[in-house]
Amino acid sequence: MEDIFTIANKNFNSRLIVGTGKYKNFEETANAVKASGADIVTVAVRRVNILNKDQPLLMDYLDPKSITYLPNTAGCYSSKEALRTLRLAREMGGWRLVKLEVLGDKKTLYPNMIETIKSTEVLVKEGFEVMVYCTDDPIMTKKLEDAGACAIMPLGAPIGSGIGIQNKINITLIKEQSSVPVIVDAGVGTASDATIAMELGCDGVLLNTAIAEAKNPVLMAEAMKHAVIAGRKFRSWVKIFIAKHISFTFVMSKFFFDIFNIFNDFNDFFISI
């Protein structure tokens, strides 16, 4: 059965989003992206060359016509920086679907949620479709959705840590309350981490370091691809199983309730005579 991943009214086949930074070169980047099966790649506008033709261009290795570029604001520590970066990206490539991240400090790379919410509100008013990197706080993610974010991207753990999802309860709460896609972003270090994210009900997974810094990025990319698919299939099976179980339980409960009522009717009848 076809499983379409929709973000901002755009359909994608893969639920794995991968970054394009930290690789040895663009050739390795392209090979890993291909192995991952990803339809979307994030591009740090301030770090990855997508404009200077005198230097190797990412576009020469990953065709923007066949894969969706998602410009992001990696390295931005204020709303002003982030807004300027994404406006530049739109001028350069016409990109409207973007990933916003406004970092709080260089040590933790945790998002500054005050600046993030403020930036989201401005970008949405300017016609951007904003996917937002954020903390795993359900209250904050609800504010982002109310501000117009087209996807919520809570961290599983600090960027680059690779220690896996640290607060599964919050991720589950965020997913349950959200009407837009929820994509775990940051902290995924192993294939099992990616599977767990999908088993929790998340709509997708975004990762970079786990692939780019692996001994064999192409092999790791392929592993992550299958991990996301496995987690998604398991989650779909669980939903079907629960639905059938609830339906069966309801039918059987009604059956026994009807039997109970029949016996009561008989009992009342014999008492009356």
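Let me sum up the structure you'll find in this document. Counting restarts for each chain: residues are numbered from 1 in the order of the written sequence. Residue-level local features of this predicted model are given only where pLDDT is at least 70; pairs of side-chain atoms are given and counted only at 80 or more, and the full residue set underlies all totals for whole chains, interfaces and linings. Excluding hydrogens and water, the side-chain values take into account all heavy atoms of the structure.

### Re the overall build of the protein chain
Piece 1. Numbering of helices and strands starts at the N terminus; helices are DSSP runs of H or I of at least 4 residues and strands are runs of E of at least 2. The helix and strand inventory of the protein chain stands at eight helices and ten strands.
Piece 2. The buried label applies to any residue whose accessible area, calculated with a 1.4 Å probe on protein chains only, is under 20% of its type's maximum; exposed applies above 50%, and partly exposed to all values in between. A burial count over the protein chain gives 48% of its 273 residues as buried.
Piece 3. Here, residues are in contact when the closest pair of their heavy atoms is within 4.5 Å. For the protein chain, the proportion of contacts with a sequence separation of at least 24, taken over those separated by at least 6, is 63%.
Piece 4. Here the Shrake-Rupley method, with its probe set to 1.4 Å, supplies the accessible areas, and only the displayed protein chains count as covering residues. As displayed, the protein chain has an accessible area near 14400 Å², and 58% of this comes from carbon and sulfur atoms.

### Focus: the side chain of glutamate 28
Piece 1. Inspection of the secondary structure assignment puts glutamate 28 in helix α1 (residues 26–36).
Piece 2. Asp and Glu count as negative and Lys and Arg as positive, but His and the ends of the chain are not part of the count. Just to be clear on terms, a salt bridge is a Lys or Arg side-chain nitrogen sitting within 4 Å of an Asp or Glu carboxyl oxygen. Notably, glutamate 28 is buried but unbridged: the nearest opposite-charge side chain belongs to lysine 24, and the N-O separation is 4.4 Å.
Piece 3. If sequence neighbours within four positions are ignored, glutamate 28 has contacts with Tyr23 and Pro217.

### Section: the pairing of strand β10 (residues 204–207)
Piece 1. Of the two faces of β10, the one holding Gly204 and Leu206 and the one holding Val205 and Leu207 are both buried throughout.
Piece 2. Two strands pair under a simple rule: DSSP has to find at least two bridges between them. Taken together, the three bridges between strand β9 (residues 183–185) and β10 define a ladder with parallel strand orientation. Residue pairing in the sheet places isoleucine 183 in a bridge with glycine 204 of β10.

In short, geometric facts, not functional conclusions.
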